[in-house]
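Notes for the structure review
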Amino acid sequence: IWQPPLEGKTDLLLLSAHGDDDQLFFAGLLPRYAGQEKAAVQVAYLTDHRNLTNQRTHEILNGLWATGCTAYPVMAEFPDFRIDSLKRTYQEYLRLGYSQEKLLSYVVELLRRFKPQVVVGHDIEGEYGHGMHMVYADLVAKAVNISADATQFPDSAEQYGTWDPPKTYI
């Protein structure tokens, strides 16, 4: 039985662009901390896998469960596509109606909502050059610098309070 997302009490927040990235690029992290250490681990995806097939969502849930994660993951509303450039990925999101400010607001809200002790995100170069990985890493780097400032995205500051994550790994 899945537990609800870990509101305000997260040891580790993993920010993964796609459902397979959590297993590929952060493979040892989840079984170690969620499985062995029984840490409060929350995973939040940038892309909305529910816009594809139910099979993809079930694969994500099965993979998380196998690693020891019991908190239901968060999946953003942002569509999935493949462009190998940070700038062009941001441009495509804008073309689809998602500004960089909207994307950043999502990540700041995650930090405030889950109040993680440790934040982990993608490589700034997108591991192998994937634009969505680059975007999420860029957003994480920006969000950790402003999530403690109540004047930045005041709606989520009012709802969750502010938060300055003690540790961030990109």
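Throughout what follows, the structure given in this document is the object of discussion.

Rules of the game
- Residues numbered from 1 in each chain as written.
- Predicted model: local features only at pLDDT ≥ 70, side-chain atom pairs only at ≥ 80, totals over all residues.
- Heavy atoms only, no water.
- Helix = DSSP H or I, 4+ residues; strand = E, 2+ residues; numbered from the N terminus.
- Polar contact = N/O pair within 3.5 Å; in protein donor to acceptor, adjacent residues only side chain to side chain.
- Contact = heavy atoms within 4.5 Å.
- Core = buried A, V, L, I, M, F, W, Y, C linked by side-chain atoms within 4.5 Å.
- Buried < 20%, exposed > 50% of the residue type's maximum accessible area, 1.4 Å probe, protein only.
- Axes fitted to C-alpha atoms, helices over the stretch in contact; angles between N-to-C directions.
- Parallel < 35°, antiparallel > 145°, perpendicular 65-115°, else oblique.
- Nonpolar A, V, L, I, M, F, W, Y, C, P; charged D, E, K, R; others polar.
- Arc of directions from axis to C-beta.
- Patch = residues over 30% accessible without salt bridge, like charges linked within 9 Å, V, L, I, M, F, W, Y side chains within 5 Å.
- Areas by Shrake-Rupley, 256 points an atom, 1.4 Å probe, with all protein chains shown as cover.
- Salt bridge = Lys/Arg side-chain N within 4 Å of Asp/Glu carboxyl O.
- Pairing = 2+ DSSP bridges.

**A closer look at the side chain of S156**
Tracing the backbone shows S156 in helix α8 (residues 154-160). A polar atom in the side chain of S156 sits 2.8 Å from the side chain of R112. Not counting the four nearest positions on each side in its chain, S156 is found in contact with V108, E109, R112 and G161.

**So, the nonpolar core**
One finds L15, Y106, L110 and Y136 to be the most contacted residues of the largest nonpolar core, which totals 31 residues. Breaking this core down by element, the ones donating at least two residues are β1 (12-16), β2 (41-47), β3 (74-78), α4 (86-95), α5 (100-114) and α7 (131-146). Apart from residues no more than four positions distant in its own chain, L110 is found in contact with L13, L15, A44, V74, K115 and Y136. One finds L14, L64, V118 and V120 within the second-largest nonpolar core, a separate group that totals 15 residues.

**Looking at the packing of α4 against α7**
Interaxial distance between α4 and α7 falls to 8 Å at its minimum, and their mutual angle equals 90°. Taken together, the axis directions place α4 and α7 in an arrangement best described as roughly perpendicular. Residues L86, T89, Y90 and Y93 of α4 pack against G131, M132, M134, V135, D138, L139 and K142 of α7. Looking at the contact of α4 with α7 residue by residue, the class counts come to seven nonpolar, two polar and two charged.

**Section: α4**
Note: α-helices contain 3.6 residues per turn, so residues at a spacing of three or four share the same orientation. For α4, the complete set of buried residues consists of T89, Y90, E92 and Y93. Taken end-on, α4 shows its buried residues confined to a sector of 160°, consistent with a single buried face. Set apart from the buried face of α4 by more than 90 degrees, the exposed residues are K87, L94 and R95. Contact partners of the buried residues in α4: β2, β3, α5 and α7.

**A look at a nonpolar patch on the surface**
A contiguous nonpolar patch, built from L24, F25 and Y128 and spanning about 310 Å² of accessible area, is present on the exposed surface. Inspection of the secondary structure assignment puts F25 in the loop between α1 (21-24) and α2 (29-36).

**What about the side chain of D21?**
Looking at the element boundaries, D21 is found in helix α1. Within the structure, the side chain of D21 is placed 2.8 Å from the side chain of H18, a separation counted as a polar contact. Those residues in contact with D21 that sit more than four places away from it in its chain are S16, F26, H122 and H133.

**Focus: unusual backbone geometry**
For residues besides glycine, phi is generally negative; the peptide bonds are generally trans as well. The residue E127 is not glycine, and still its phi comes out positive at about 55°. Along the chain, E127 falls in helix α6 (residues 126-129).

**Observations concerning the pairing of β2**
Most of β2 sits out of view: seven of its seven residues are buried. Sheet topology places β1 next to β2; five bridges connect them, and they run parallel. Along β2, the bridge assignment pairs L15 with A44. Bridging between β2 and β3 involves three bridges; their strand directions are parallel. Bridge pairing links T47 to F78 in β3.

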